[in-house]
Amino acid sequence: MSQALIRAAFETPLAAWAAVQSPALPVAWENVTFAPGTRHVRANLLPAATVSLDLLGRHRRYQGIFQVSLVMPQGDGMGPTEALVSSLEAEFPQHALFTSGGIRIYIVRPMSAAAALTSADDVMTPCSFRYSSDIVVS
């Protein structure tokens, strides 16, 4: 249940961010395919193991990585992608608080881009941040 709430907490602002880009960026949510060579954003929630830090077992720490991959057609250079990375960093700043369904989720490591991965049709630049959410269950 909490992973679904965490996903919603990040996907909602990502959809709003993608919609205001010029031109707007379609978002490929998990388990949705896009044609190769099309400009879009791909979102993935990569949860880590849930831990409990109390003796009663009521505490839960949900943590993991939210990855946003910028997929651009071959031949456009890296300038447009780098501008989008900067915009994503501003949209998801370190220590930002997101809420969903009554839980609070914090970005605990800043958004950062990894090396671009090229294919015959497009260039994908994965960007990600780490999140953490602590709750106590009854």
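Going by the structure above, here's the rest.
All values reported here derive from a predicted model rather than from experimental measurement.

1. Here's the deal with the environment of Glu11
- Considering the arrangement of structural elements, one finds Glu11 in helix 1 (residues 2-19).
- Glu11 sits 55 residues away from Phe66 along the chain, and the two C-alpha atoms are 9.4 Å apart.
- In contact with Glu11, not counting residues within four places along its chain, are Trp29 and Phe66.

2. Details of the side chain of His40
- Residue placement: His40 occurs in strand 2 (residues 40-47).
- Within the structure, the side chain of His40 is placed 2.9 Å from the backbone oxygen of Thr38, a separation counted as a polar contact.
- Aside from chain neighbours lying at most four places away, what touches His40 is Leu25, Pro26, Ala28, Phe34, Ser69, Leu70 and Val71.

3. As for the packing of aromatic side chains
- Enumeration over the complete set of coordinates arrives at 8 aromatic pairs.
- An angle of 50 degrees between the planes, with centres 6.3 Å apart, marks the rings of Phe66 and Phe92 as tilted. Linking Phe66 in strand 3 (residues 59-73) with Phe92 in the loop between helix 2 (79-91) and strand 4 (97-100), this pair joins segments that are 26 residues apart in sequence.
- What makes Phe66 buried here is its relative accessible area of 0%.

4. A short note on unusual backbone geometry
- The linkage connecting Ser22 with the following residue, Pro23, adopts the cis geometry, with an omega of -5 degrees.
- Relative to the helices and strands, Pro23 resides in the loop between helix 1 and strand 1 (27-28).
- For His95, which is not a glycine, the phi torsion comes out positive at approximately 75 degrees.
- Here His95 shows up in the loop between helix 2 and strand 4.

5. What to know about the pairing of strand 3
- Pairing of strand 2 with strand 3, which is carried by 8 bridges, proceeds in the antiparallel orientation. In the strand pairing of strand 3, Ala43 is matched with Val68.
- Where strand 3 and strand 7 (residues 122-136) come together, 15 bridges link them in antiparallel fashion. Its bridge partner being in strand 7, Ile65 is matched across the sheet by Arg130.

6. Thoughts on the packing of helix 1 against helix 2
- Running from amino to carboxyl end, helix 1 crosses helix 2 at an angle of 140 degrees, the nearest separation of the two axes being 11 Å. Comparing their axes, helix 2 and helix 1 come out oblique. Considering how the two elements wind past one another, helix 1 and helix 2 form a crossing that is right-handed. Across the interface between the two elements, Pro13, Leu14 and Trp17 of helix 1 pack against Leu84, Ser87, Leu88 and Glu91 of helix 2.
- Grouping the amino acids of the contact of helix 1 with helix 2 by side-chain chemistry returns 5 nonpolar, 1 polar and 1 charged.

Parameters and conventions
Residues numbered from 1 in each chain as written. Predicted model: local features only at pLDDT ≥ 70, side-chain atom pairs only at ≥ 80, totals over all residues. Heavy atoms only, no water. Helix = DSSP H or I, 4+ residues; strand = E, 2+ residues; numbered from the N terminus. Contact = heavy atoms within 4.5 Å. Polar contact = N/O pair within 3.5 Å; in protein donor to acceptor, adjacent residues only side chain to side chain. Phe/Tyr/Trp six-rings, centres within 6.5 Å; stacked < 30°, edge-to-face > 60°. Buried < 20%, exposed > 50% of the residue type's maximum accessible area, 1.4 Å probe, protein only. Pairing = 2+ DSSP bridges. Axes fitted to C-alpha atoms, helices over the stretch in contact; angles between N-to-C directions. Parallel < 35°, antiparallel > 145°, perpendicular 65-115°, else oblique. Left-handed = near helix turned anticlockwise from the far one by under 90°. Nonpolar A, V, L, I, M, F, W, Y, C, P; charged D, E, K, R; others polar.

On their own, these measurements won't tell you what the molecule is for.
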